[in-house]
Amino acid sequence: RIQILFEENEVEERHSSGLTSYLFTMDTMDTMVDVDYYVSVDGLQWSPGQIPVKWVTIPLVFWSLLYCIITKLLENRCYIKIKDKTQKVLRFSPEYCCRLVTFIHGLVVTTISAGLHIKHGPVWDNLGLDNKPIHNLVLVISFGYFIFDFLWCCYMRSEGMAMLAHHVVSLFGLFYSSYYQQYGAEVTAVCFGAEITNPILQTRWFLREHNLYNHTMGIVNDYIFVFSFFFWRFVVGSYFLYRATITNEVSFKSTF
């Protein structure tokens, strides 16, 4: 956001270099106007009909490197002592490391999406608008993560068709919004609603791995998960779906 000082009847802000144009006619002297000013930040705004290759490869490489780093850091801690006998137990398995990456992705995406919607208002007040750089940031982060996780699942053969189909649908939604530069608010809201319970779900799995699930911590975590899942997906999500259904701002016909 910027502040622009206008003198009497001064009008213009020119459309150039991908910057959004505004037209004002002011009848009073020295009027301060607070304006949303959307700029292209490090290439995070692009024209519809394309996705810069770097914004697919950079997040993919980031999540892959993060997985490798976590695996390397934990590889020397795979031996635990049980009943006074040292046994080789692969506590920090590849799945453990991958779930840590998933946990981090959930925290990052929900934090950015929450800040975005706090600043610009609820998603149902911003339906059908073109993407902003902050929307594209969430999209490319999640796009890279889902490519990484999809490839990991295929390589490890750890998931069934249901999870793979879930990843394909998620990738399609992220690709659609990124490619057509539309519905960024809607897709980031879906990312928030879907990912906000993911760290809680991963925590449940970690507690089971460390034999802590049957303790108070596991019970509290389950209650938080059930409440969060119900509230964000059934309460807020249902209202969001209702508002998106009745509005004329959301239409996929114009993009195909």
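Let me begin by describing the structure that accompanies this report. (Residues numbered from 1 in each chain as written. Predicted model: local features only at pLDDT ≥ 70, side-chain atom pairs only at ≥ 80, totals over all residues. Heavy atoms only, no water.)

In terms of regular secondary structure, the protein is built from seven helices and six strands. In the protein, the succession of α and β elements from N to C terminus is β-β-β-β-α-β-β-α-α-α-α-α-α. Looking at the 256 residues of the protein, the share that counts as buried comes to 38%. Here the analysis covers contacts within the protein between residues at least 6 apart in sequence; of these, 69% occur between residues at least 24 apart. (Helix = DSSP H or I, 4+ residues; strand = E, 2+ residues; numbered from the N terminus. Buried < 20%, exposed > 50% of the residue type's maximum accessible area, 1.4 Å probe, protein only. Contact = heavy atoms within 4.5 Å.)

Attention shifts here to helix 1 (residues 54-74). For helix 1, with 21 residues, the first-to-last C-alpha span of 30 Å sits near the 30 Å given by 1.5 Å per residue. Buried within helix 1 we find Trp55, Pro59, Trp63, Leu66, Tyr67, Ile70 and Leu74. Angularly, the buried residues of helix 1 cover 105° about the axis, an arc narrow enough to put them on a single face. As for helix 1, its buried residues are in contact with helix 2 (94-120) and helix 3 (133-156). (Expected span 1.5 Å × (residues − 1). Arc of directions from axis to C-beta.)

In the structure shown here, the tally under the stated rule is 21 aromatic pairs. Ring centres 4.9 Å apart and planes at 50° place the aromatic pair tyrosine 176 and tyrosine 180 in the tilted group. Taken together, the residues span about one helical turn, with tyrosine 176 and tyrosine 180 both in helix 4 (residues 161-180) at a distance of four residues. Seen from their ring centres, phenylalanine 229 and phenylalanine 234 are 6.1 Å apart, and the 50° between their planes marks the pair as tilted. Members of the aromatic cluster, connected to one another through ring pairs, are Phe62, Trp63, Tyr67, Tyr145, Phe146 and Phe148. The ring centre of tyrosine 213 lies 4.1 Å from the NZ or CZ of arginine 208, which sits over that ring. (Phe/Tyr/Trp six-rings, centres within 6.5 Å; stacked < 30°, edge-to-face > 60°. Lys NZ or Arg CZ within 6 Å of the ring centre and 35° of its normal.)

So, on to the side chain of histidine 117. In this structure, histidine 117 sits in helix 2. There is a polar contact of 3.2 Å between the side chain of histidine 117 and the side chain of threonine 188. Sequence-distant contacts of histidine 117, that is, excluding residues within four places in its chain, are made with Pro122, Val123, Ala185, Thr188 and Ala189. (Polar contact = N/O pair within 3.5 Å; in protein donor to acceptor, adjacent residues only side chain to side chain.)

Attention now goes to the environment of valine 140. The residue valine 140 is located in helix 3 in this model. Residues contacting valine 140, with those up to four places away along its chain left out, are Leu44, Trp46, Trp55 and Pro59.

Okay, the nonpolar core next. Grouped together as the largest cluster of nonpolar side chains are 28 residues, with contacts concentrated most on Trp63, Tyr67, Val101, Phe148 and Leu174. Taken together, the elements giving at least two residues each to this core come down to helix 1, helix 2, helix 3, helix 4, helix 5 (184-195) and helix 6 (198-209). A total of ten residues in this core trace back to one element, the largest contributor, which is helix 3. Look past the residues within four positions of tryptophan 63 in its chain and what remains in contact with it is Val101, Ile104, His105, Ile141, Gly144, Tyr145 and Phe148. (Core = buried A, V, L, I, M, F, W, Y, C linked by side-chain atoms within 4.5 Å.)

Moving on, we come to the pattern of salt bridges. For the coordinates displayed, the defined rule picks out two salt bridges. Salt-bridge contacts for arginine 99 lead to glutamate 95; the nearest nitrogen and oxygen are separated by 3.1 Å. On the criterion of helical spacing, the pair formed by arginine 99 and glutamate 95 is a turn pair, its members being four residues apart in helix 2. Note that arginine 204 and aspartate 222 form a salt bridge whose closest N and O atoms lie 3.1 Å from each other. Note that arginine 204 is positioned in helix 6 and aspartate 222 in helix 7 (residues 216-246), a separation of 18 residues in sequence. (Salt bridge = Lys/Arg side-chain N within 4 Å of Asp/Glu carboxyl O.)

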